[in-house]
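Results of the structural survey
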Amino acid sequence: MAVEEQRAGSRVSRPEIRLVRRGFTDPAQAVRLLAGPGLEGLADDPVLLDALGATADPDLALLGLARLLEAADEADRHTLRDTLTTSKPLRDRLLGVLGVSTALADHLARHPHDWHVLVTFELRDMHPGPEDFRRALAEGVQDGGRQGARTPADALRTAYRRCLLAIAARDLTGTTDLAQTAAELADLAGATLQTALDLAAEQDPDAARACRLAVIGMGKCGGRELNYVSDVDVIFVAEPREGVDEHVAVRAATRLAAALTRLCSDTTGEGTIWPVDANLRPEGRNGPLVRTLASHLAYYQRWAKTWEFQALLKARPVAGDAELGAAYVEALAPMVWQAAARENFVTDVQQMRRRVIDSIPATELDRQLKLGPGGLRDVEFSVQLLQLVHGRTDRALRSGNTLEALAALSRGGYVGRADAASLDTAYRFLRSLEHRIQLHRLRRTHLMPTGEEDQRRLARSLTGLINDDTRSDPVAALQREWKRHAVEVRRLHEKLFYRPLLDAVAELPAGATGLTPDAARARLEALGYADPAAALRHLSALASGVSRKAAIQRTLLPVLLGWFADSADPDAGLLNFRQVSDALGRTPWYLRLLRDESAAAEQLARVLSAGRLAPDLLLRAPEAVAMLGDPQGLEPRGRAALQQEVLAAVGRAGSTAAAVAAARSVRRRELFRTAAADVLGRLGEDPAEALDAAGEALTAINAATLQGALRACVAGWEAEHGDLPTRIAVIAMGRLGGRELGYGSDADVLFVHEPLLGSLDEDAARAAQAVCHELRTLLGAPSTEPPLLVDADLRPEGRSGPLVRTLASYAAYYRRWSHAWESQALLRAEPVAGDEDLGARFRQLVDPLRYPGTGVPERDLMEIRRIKARIEAERLPRGADPTTHTKIGRGGLADVEWTVQLLQLQHGHELPALRTTRTRAALAAAAGAGLVDPADAEVLDAAWVLASRVRSAVMLVRGRPGDSFPGEARELAGVARYLGYGAGHSGELVDDYRRTTRRARAVVERLFYG
């Protein structure tokens, strides 16, 4: 027994088996229907049964036919039975509709005589146009009145469904293709709007005499590519008739437009037609429904955004005063075709794309035919953007229809012929699939249904558009075809913008696109490249020629260019990529890695276009690109592993300078690893978590570097003078001690030494001084490696004091001369390199100073506050904005850190949790102990994290440290992008920063200044 028979059940009759073999899934019901009223004698008609079996859903088609025959009067039933058995065209059209659409079957059951339209429309015109539909709707409204329709609106709805029935029948039987079907639907919509306007004018003749009203079709209606069920987007424009005041005319036109909208949109006994959506008008739903032409022009000249001009690509007069409608389109066309020259064009387009993606619920993303990845919107957006870019100079591209515009782009050489054909096929399939889904219940939807029965019906209705055989498993065939087209759309979406740019500069053979240099520059400029001429030179250098390297680059660049364009600085990304490629061009693994590992290529593109620091580090040693191809390549390394590698590298070097250079080389590579991981969001999803991870990683890198440099300098001294007569320890201070380093932080340290037994103090001091001085010099010396500036200014007596002291000297100084600020600075003291025992004893020495048993005396408290106030007044750079300076500004790092450190000085002796060098940990401990209200602690923590992240972002973007937001727009956009703000939202970042730090400053005023 066949699979279909097993699905139907094993206990079936012979007639039922015949029905199962023809595709029926409920043969028992089919037998009952065939024996019912109207179908008597047809149960054994093989012609009818075969025709039913050929429909998308034989059960649905038979049920609809039975309902139609039952509803028809006796004479019409007899005519229909005869026609079904003798006329194959009529039979195929009627059963084709009934096998797909329950909504149209319901219509036929209510209006059984309407099946005749499947004959009359066929005889009248193979391709009915607007006038045919207007005539049919007008006759339908008149007939409805004569036949007792409750309202003209009911008659209009009935006539509309009758026309829709004819369009669907021709579509489902292949009489028309997708483009013609969509055009007919748009023409029917225009005719419906005109008929509704005529009815509105009859109901309000005073309004009709006062104004001229034109209805401008927008969206798919304007482009003559309408869906079966869709909002019909319109704009209303009016002018007064001679002798009528303009305000009176606009009010009259508004009454007509509102009446038209109600006639089409309201639900009556015959259902609804479709919503009329006028929200694309100036100011959207907040603006007046109707404007004069002059008012429209004034708005678009002064206030319109880029997306509004993109919407006007499809503007077309569809109803009302034809002369006024043509004047509207003609007046606005010049503004539409200059939209790509607007300064904010790229930003607006990118924001529009993101809004579309963000609007999709997560549960619908994989089912979206229209808005999802590889969906219809990707095709439409790609075509429209290319039209806006190149239509300024090429009038042939100025079509509101997607398929016509795509064909024009191909003819003009802006899209390759093969790519255009492939995109055309994918678009037709996706739109046809959308049409079939909507036809079932005539509901507005763009989602693939989840039910197997629904998908089976869809697959059978699209047999001619599916490459695979749908007979054995139609659902699987449909899914494969859908996914294949979606993948193709995504691929071509990338190529449409970028591949022709390569063709324009790479001297490719005939058959490629013919994009001219001027057109290529225009496209690059529209995509956000500030220097399109330089970008074209880079592309030419990378992709020209017939070498294997150039061929691979031509494969990579279309995708890479898209990733660069999505960044804040596409020019820098492309330039950096060229430099890395030049450096590694002869390395066999480099291009192979990018070609074969798409994740590595995307990561490289994002790193190269995210700012200057990471690319600068990479360009010093481009082989670090290999990290991006390793799944664990960007994971931060621990201090122990780094120190072991650095010490091994130092041990292999032949001189002190070479040894420190080796340590700096390891540091440079690890800085790139950390910066790349940070830019790519690999350090943690939570911003505070990522900041802490970056601080730990950078501290481990610098600690290992200091350890290696100290070992190298000691070894160099000993090679020249013999055994070192002292032990040395390096004490981390500041952000290094707190393990809170940023990318631009210096290494604040103290040097302490202790002479070995039997050594002279003077000899030990000279040796320690020489070693520590050389360490600072070699780590900060100009080199191809980034410097590590070692700052020892926090030592006793500052720059005037000795660079290195013994532990006893530190003890004597702190006992007699220490100031309150030095105790505060020692809160961050932490041994970081050198002799571990000496470092531990230094910590024991300073603990009583930084955690004084009696807290902070009033004298010291006043001194700390005075110093803080003086720093705010005197050290803020001239011209700096105190509301955005991350270090000294109001609510910035200094405010939070001094507040926390004051709490540590006051309570650290009694609360062990406060004895930490880390700001956030100490703040959390203070909140946990009740010293700070948890809400206040949250405010301070948020400000500290944000200020620290801004400083890191500035260094990553500019390649040099800074404590304020960049003044240059692209750099500020890069900072905003790093901090998670989308394109065009840099101002929101600054506002959020001011708001966050303003709240923090209020807490500091209470907690620190009392």
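Overview of the structure. Worth saying up front: this structure is predicted, and the values here are computed from it rather than measured. (Residues numbered from 1 in each chain as written. Predicted model: local features only at pLDDT ≥ 70, side-chain atom pairs only at ≥ 80, totals over all residues. Heavy atoms only, no water.)

1. Points about the overall build of the protein chain
Note the following rule: Per the convention used, a helix needs a DSSP run of H or I reaching at least four residues, while a strand needs a run of E reaching at least two, with both numbered from the N terminus. With C-alpha atoms as the basis for the radius of gyration, the globule rule is written as 2.2 Å multiplied by the number of residues raised to the power 0.38. The rule is simple: take the accessible area with a 1.4 Å probe, protein chains only, and divide by the maximum for that residue type; under 20% is buried, over 50% is exposed, in between is partly exposed. In this description, contact between two residues means that some pair of their heavy atoms is separated by no more than 4.5 Å. Only the protein chains shown count as cover for residues, with accessible areas throughout obtained via the Shrake-Rupley method and a probe of 1.4 Å.
A tally of regular secondary structure across the protein chain gives 45 helices and 10 strands. For a compact globule of 1010 residues, the expected C-alpha radius of gyration is about 30 Å, and the protein chain comes in at 38 Å, more than 25% above that figure. Dimensions of the protein chain, computed from C-alpha atoms along their principal axes, come out at roughly 125 × 75 × 60 Å. The 1010 residues of the protein chain split such that 55% are buried. Across the protein chain, the fraction of contacts at a sequence separation of at least 24, relative to all contacts at a separation of at least 6, is 72%. Total accessible area on the protein chain stands at roughly 42600 Å², and carbon and sulfur atoms take up 50% of it.

2. Observations regarding the layout of surface pockets
The criterion, for reference: Here a cavity means grid points, on a 1 Å grid over the protein atoms only, where a 1.4 Å probe fits yet cannot get out; a pocket means an open set of points with protein on both sides within 12 Å along at least five of seven lines; lining residues are those with an atom within 4 Å of a point. Grid points are joined across faces, edges and corners, and a volume is the space filled by probe spheres set on the points. When residues are sorted by character, Ala, Val, Leu, Ile, Met, Phe, Trp, Tyr, Cys and Pro go into the nonpolar class, Asp, Glu, Lys and Arg into the charged class, and all the rest, Gly among them, into the polar class.
Of the pockets and cavities examined, the second largest pocket occupies roughly 1400 Å³. Secondary-structure elements contributing two or more residues to the lining of the second largest pocket are helix H35 (734–737), helix H38 (820–825), helix H40 (858–874) and helix H41 (893–907). Its residues assigned to classes, the lining of the second largest pocket shows 14 nonpolar, 8 polar and 19 charged.

3. Some details on the pairing of strand E2 (residues 232–240)
Using the following cut-off: DSSP calls a pair of strands paired once it identifies at least 2 bridges connecting them. If you view a crossover with the strands going away from you and the path from the first strand over the helix to the second runs clockwise, you call it right-handed.
Burial analysis of E2 places 7 of its 9 residues in the buried class, the great majority of the element. In this sheet, E2 lies alongside strand E1 (residues 211–217) in antiparallel orientation, the contact comprising 7 bridges. The residue bridging Cys211 from the neighbouring strand is Pro240, located in E2. Across 2 bridges, the pairing between E2 and strand E3 (residues 276–277) is parallel. By the bridge assignment, Val232 is partnered in E3 with Val276. Of the crossover connections in this fold, the one passing from E2 over helix H15 (residues 246–265) to the parallel E3 is right-handed. Both E2 and strand E4 (residues 290–292) contribute to a ladder of 3 bridges, which runs parallel. Considered in E4, the bridge of Phe236 is made with Val290.

4. Looking at helix H37 (residues 807–816)
What counts, and what does not: The arc in question is the one traced by the directions running from the helix axis out to the C-beta atoms.
All of the buried residues in H37 are Leu807, Tyr810, Ala811, Tyr813 and Tyr814. Looking straight down H37, one finds its buried side chains confined to an arc of 170 degrees; they lie on one side. Exposed side chains of H37 directed beyond 90 degrees from the buried face belong to Ala808, Arg815 and Arg816. Next to the buried residues of H37 lie strand E7 (747–755), strand E9 (804–806), H38 and helix H39 (836–850).

5. Comments concerning the side chain of Ser461
Basically, it comes down to this: Polar contacts, as counted here, are pairs of nitrogen or oxygen atoms within 3.5 Å of one another; within protein the pair requires one atom able to donate a hydrogen and one able to accept it, and residues that are adjacent in sequence qualify only if both atoms are side-chain atoms.
Mapped onto the elements of the fold, Ser461 is located in helix H23 (residues 452–461). In terms of polar contacts, Ser461 uses its side chain to reach the backbone carbonyl oxygen of Leu458, at 2.8 Å. Not counting residues up to four positions away in its chain, the partners in contact with Ser461 are Ala56, Val100 and Arg436.

6. Regarding the nonpolar core
The line we're drawing: Buried residues of nine kinds, namely Ala, Val, Leu, Ile, Met, Phe, Trp, Tyr and Cys, make up a nonpolar core once their side-chain atoms join them within 4.5 Å.
Tyr300, Phe577, Leu706 and Phe751 are the most contacted members of the largest nonpolar core, which totals 125 residues. The contact partners of Phe577, leaving out residues within four places of it in the chain, are Leu542, Gln553, Leu557, Leu560, Phe564, Tyr590, Leu594, Leu604 and Leu608. Ala61, Leu137, Ala186 and Leu188 belong to the second largest nonpolar core, which has 90 residues in total.

Any link to function would need more than the numbers given here.
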